[in-house]
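# Coordinate inspection notes
The residues making up each chain are set out below.
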Amino acid sequence: MQKRITIKQAVILAQQGDKDAMIALLKKYRPLLAKAIGKSIAKGIEAEDLESIFILKMISMLQSIDVSKLN
């Protein structure tokens, strides 16, 4: 049985090192990543390793979110 949690709870768990929470957040925002990759390719940026770069950037951004500002 899967437990439903809020985005804020998922971010807090991810910041505390919960890999499942981090994966859930990455999956939730994967369409956004795909859109950014598509735009980058359209602008002529090499597609090679773009997904890895965007995922690493998103992980970095999730770690720096001030959860006190989330609903």
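Numbers given for residues are sequential positions, taken from 1 along each chain in its written order. Totals for whole chains, interfaces and linings use every residue, but because this is a predicted model, local features are given only for residues with pLDDT of at least 70 and side-chain atom pairs only at 80 or more, for both listing and counting. The side-chain values count all of the structure's non-hydrogen atoms but skip hydrogen atoms and water molecules.

### Observations regarding the pattern of salt bridges
By definition, a salt bridge exists where a carboxyl oxygen of Asp or Glu is found within 4 Å of a side-chain nitrogen of Lys or Arg. Under the definition given, this model contains one salt bridge. Across the pair Glu 51 and Arg 30 runs a salt bridge, and its minimum N-O distance is 2.6 Å. Here the residue Glu 51 occupies a position in helix α4 (residues 50-64), and Arg 30 occupies one in helix α3 (residues 30-42), the gap between them amounting to 21 residues. Numbering goes from the N terminus for both helices and strands, where a helix is a DSSP run of H or I of at least four residues and a strand is a run of E of at least two.

### With respect to the nonpolar core
We call a set of buried residues a nonpolar core when its members are Ala, Val, Leu, Ile, Met, Phe, Trp, Tyr or Cys and they connect through side-chain atoms within 4.5 Å of each other. Categorising residues by exposure relies on relative accessible area from a 1.4 Å probe, with only protein chains included: less than 20% of the type maximum marks a residue as buried, more than 50% marks it as exposed, and the intermediate range marks it as partly exposed. Of all hydrophobic cores here, the largest spans 11 residues; its members are Ala 10, Val 11, Ala 14, Ala 21, Met 22, Leu 25, Leu 26, Leu 33, Met 58, Leu 62 and Val 67. At the level of secondary structure, the elements contributing two or more residues to this core comprise α1 (7-15), α2 (19-28) and α4. Ranked by residue count, the leading element in this core is α2, at four residues. Apart from residues lying up to four places away in sequence, Val 11 is in contact with Leu 25, Leu 62, Ile 65, Val 67 and Leu 70. Residues are treated as being in contact if the distance between any of their heavy atoms lies within 4.5 Å.

### Some thoughts on α4
Helix span, as expected, comes to 1.5 Å for every residue beyond the first. The first and last C-alpha atoms of α4 sit 21 Å apart over 15 residues, in line with the 21 Å expected at 1.5 Å per residue. Residues of α4 that are buried include every one of Leu 50, Met 58 and Leu 62, and no others. Viewed along the axis of α4, the buried residues span an arc of 105°, placing them on a single side of the element. Those residues of α4 that are exposed and angled more than 90 degrees off the buried face are Ile 53, Leu 56, Lys 57 and Ser 64. In this description, one arc is meant: the one made by directions from the helix axis to the C-beta atoms.

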